[in-house]
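# An overview of the molecular structure
One-letter residues, chain by chain:
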Amino acid sequence: MSFPRQPARTPLSDAKASGPDLGHDGIAETELAEDALLGGQVDGEAVLLSRCGGEVCAIGATCTHYGGPLAEGLRVGDTVRCPWHHAQFSLRSGEALAAPALTATSCWRVERRDGRIFVAGKTAPATRRLPATPTAGAGAHRMLIIGGGAAGYAAAEMLRRLGHGGNITIVSADADAPYDRPNLSKDYLAGAAPEEWIPLRPGSFYAENRIDLRLGISATGIDTSAHRVSLDDGSSIDYDRLLLATGAEPIRLQLPGATLPQVRTLRSLQDCREIIARARPGTPVVIVGASFIGLEAAAALRARQAQVHVVAPEARPMERVLGAALGDFLRALHESHGVVFHLERKLSEISAQRVRLDDGSELDAELVLVGIGVLPRLTLAQQAGLAIDRGVLVDESLRTSAADVFAAGDIARWPDPHSGERLRIEHWVVAQRQGQTAARCMLGQTCRYESVPFFWTQHYDVPIAYVGHASSWDQLEQSGDASARDIAVRFRRAGHTLAVATIFRDRDSLTAELALEQGRPA
Ligand SMILES: Cc1cc2nc3c(=O)[nH]c(=O)nc-3n(C[C@H](O)[C@H](O)[C@H](O)COP(=O)(O)OP(=O)(O)OC[C@H]3O[C@@H](n4cnc5c(N)ncnc54)[C@H](O)[C@@H]3O)c2cc1C
Ligand code: FES
């Protein structure tokens, strides 16, 4: 069977410039409809043209996240949403309004003459300038962020973007500066993305933006009345506003041999480097758990020509999250790449070179990668006496039960206005957008976290996009065919669509997201 050719969705992607030459030839005014997004090119760069009110706007058409083609995205008012992972950009200024893109795209000057529209040179980048001197601003001078991951980094960057001139400190237990964590189970693990792609920003970014990034340091306690955080190097930091963004911790196996050195989990860049060092061509690898991370890692390790076996208790991979059709598809996809599944099985013991399963069978295993889920890192919040319910409880502004303390990302359980439920979700884009919202709230702006959850997962050359959240459903509505890599699955409960999963149906995913956001049938 042949499949439609799709561009790779990796940090190395670059949208090809195509369409009319907007610099030399321009287009007739009549060719640009009121609500259109029109892709063209200027000197080999992809440019996106649109009408915003009476103006014509031109911005770079390549998403600054992984290079998605914005001309194929969805226009919502004066913004465009990327078809690949739903970042949002201003059509007027190119500003990256919502993660996962964190950098503005370019902004171009438009000239209109003789009934035609031309795009001239680039204008200055949309990013707001760092205030020259620190400003105290309503008693919120010292912003402290615990955790240098998705939420923590996005919050720090947004604080500066919004013009906060006071202190910003990130304390991170991780030895590496904030990086693209989703890539650790995808191209980086597969050897297809070099290490220089992994940091979210170059090292100089933090000094240039006066963000005090303290790496390899853990917060050990929070005194919410004194507004003070103690650190494991014996020092402490006082704050006016505190953001807790400590993320989640992989669940460990509890069985004989579980602490042997070849038994690994994958959360940090360092974890990933150590796994790569052990995964040579031909290495027998057992992956425990058919989770997203487990299966993505299976694909990546096959690219390194390791022998990969997946042991998992369920009958069908990912069925609980994605339903039977996508579960069967994922299994067949991985099997076609040489992954061997041992489903409805658990590990009972690990020894130096082998693992034993609960039916007594044994597999060679020089590397055992455990992907059986994560638990939110709640110790700090618990010790500080914050309200907890299987996560740190926050209100719609991501405020915890303690004054001036906010929480975001994998640890936060927030009231989701779309489902009416309190949710705690482990998605990259959710964590980043919560970090961005928390920054606004920390600055005292009126703000609510209202984004519809989104995640993506990548297996070989097949991406799955998922919008909404369905913890359970009573009806699955499927259009298209997973084996043809062209499918949308709607997860419905009591007649309402809660979530939509798609393969290569980016428009469906974007329009479903918008419908869920607006409370319309998706
Ligand atoms: C390998 C992998 C692949 C993934 N792929 C995807 C994907 O494709 N799509 C998707 O939507 N999601 C994916 N995720 C999930 C996503 O990465 C997480 O949901 C997201 O990173 C959560 O962000 P966070 O800021 O809450 O936590 P994290 O990004 O985990 O950051 C937490 C930070 O807190 C620090 N920290 C913890 N405790 C302390 C302390 N006491 N003091 C100081 N610092 C502390 C940690 O060192 C870390 O820097 C993936 C996760 C992993 C591990
Ligand atoms: S490529 Fe645009 S959001 Fe990822």
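Residues numbered from 1 in each chain as written. Chains lettered and ligands numbered in written order. Predicted model: local features only at pLDDT ≥ 70, side-chain atom pairs only at ≥ 80, totals over all residues. Heavy atoms only, no water.

What follows deals with the site of ligand 1. Around ligand 1, a shell composed of 34 residues is seen, among which Ala151, Lys186, Ala219, Arg267 and Asp410 lie nearest. Between ligand 1 and the protein, one listed contact pairs an oxygen atom with a backbone N or O atom of Ala245 at 3.4 Å. Residue Trp456 places a main-chain N or O atom 3.0 Å away from an oxygen atom belonging to ligand 1. Contact with the protein chains removes 94% of the 1,000 Å² of surface that ligand 1 exposes when unbound. Of the residues assigned to the shell around ligand 1, the class counts are 16 nonpolar, 10 polar and 8 charged. (Near = heavy atom within 4 Å. Polar contact = N/O pair within 3.5 Å; in protein donor to acceptor, adjacent residues only side chain to side chain. Areas by Shrake-Rupley, 256 points an atom, 1.4 Å probe, with all protein chains shown as cover. Nonpolar A, V, L, I, M, F, W, Y, C, P; charged D, E, K, R; others polar.)

Per the counting criterion, the structure on display carries 1 cavity of 30 Å³ or more. What lines the largest cavity is simply Cys63, His65, Tyr66, Gly68, Cys82, Trp84, His85, His86, Ala87 and Pro100. Taken together, the residues of the lining of the largest cavity sort by class into 6 nonpolar, 4 polar and no charged. (1 Å grid on protein atoms, 1.4 Å probe; cavity = no way out; pocket = protein on both sides within 12 Å on 5 of 7 lines; lining within 4 Å. Points joined across faces, edges and corners; volume = space filled by probe spheres on them.)

Spatially, the 3 strands line up as an open sheet ordered β28-β30-β31, and their pairing is mixed. The two strands at the open ends of the sheet, each matched to only one other strand, are β28 (392–393) and β31 (422–423). Bridge analysis of β28 against strand β30 (residues 412–415) gives 2 bridges, and the strand direction is parallel. The partner of Val392 across the bridge, within β30, is Ala412. (Pairing = 2+ DSSP bridges. Helix = DSSP H or I, 4+ residues; strand = E, 2+ residues; numbered from the N terminus.)

On to helix α6 (residues 319–336). In this model α6 runs just 19 Å from its N-terminal to its C-terminal C-alpha over 18 residues, more than 12% under the 26 Å that 1.5 Å per residue would give. Ala325 marks where α6 bends most, by close to 85 degrees. Along α6, the residues classified as buried are Leu322, Gly323, Leu326, Gly327, Phe329, Leu330, Leu333 and His334. Phi turns positive one or two residues past the end of α6, at Gly338, with a value near 95 degrees. (Expected span 1.5 Å × (residues − 1). Bend = angle between axes of the 7 residues up to and from the residue. Buried < 20%, exposed > 50% of the residue type's maximum accessible area, 1.4 Å probe, protein only.)

We now examine the pattern of salt bridges. If you walk through the whole model with that rule in mind, you get 40 salt bridges. Among the ionic pairs, Glu29 bridges to Arg112, the shortest N-O distance being 2.8 Å. With Glu29 in the loop between β1 (27–28) and β2 (38–42) and Arg112 in strand β9 (residues 107–113), this residue pair connects regions lying 83 residues apart in the sequence. Residues joined by salt bridges that share partners form a network here, namely Glu349, Arg354, Arg356, Glu362 and Asp364. (Salt bridge = Lys/Arg side-chain N within 4 Å of Asp/Glu carboxyl O.)

Right, let's talk about the sheet that holds strand β21 (residues 307–312) for a bit. Strands sit in the order β19-β26-β20-β21-β22 across an open sheet of 5 strands; the sheet is parallel. In this open sheet, the two strands that pair with only one neighbour each are β19 (263–264) and β22 (340–343). Both strand β20 (residues 284–288) and β21 contribute to a ladder of 5 bridges, which runs parallel. Within β21, the residue paired with Ile287 across the bridge is Val310.

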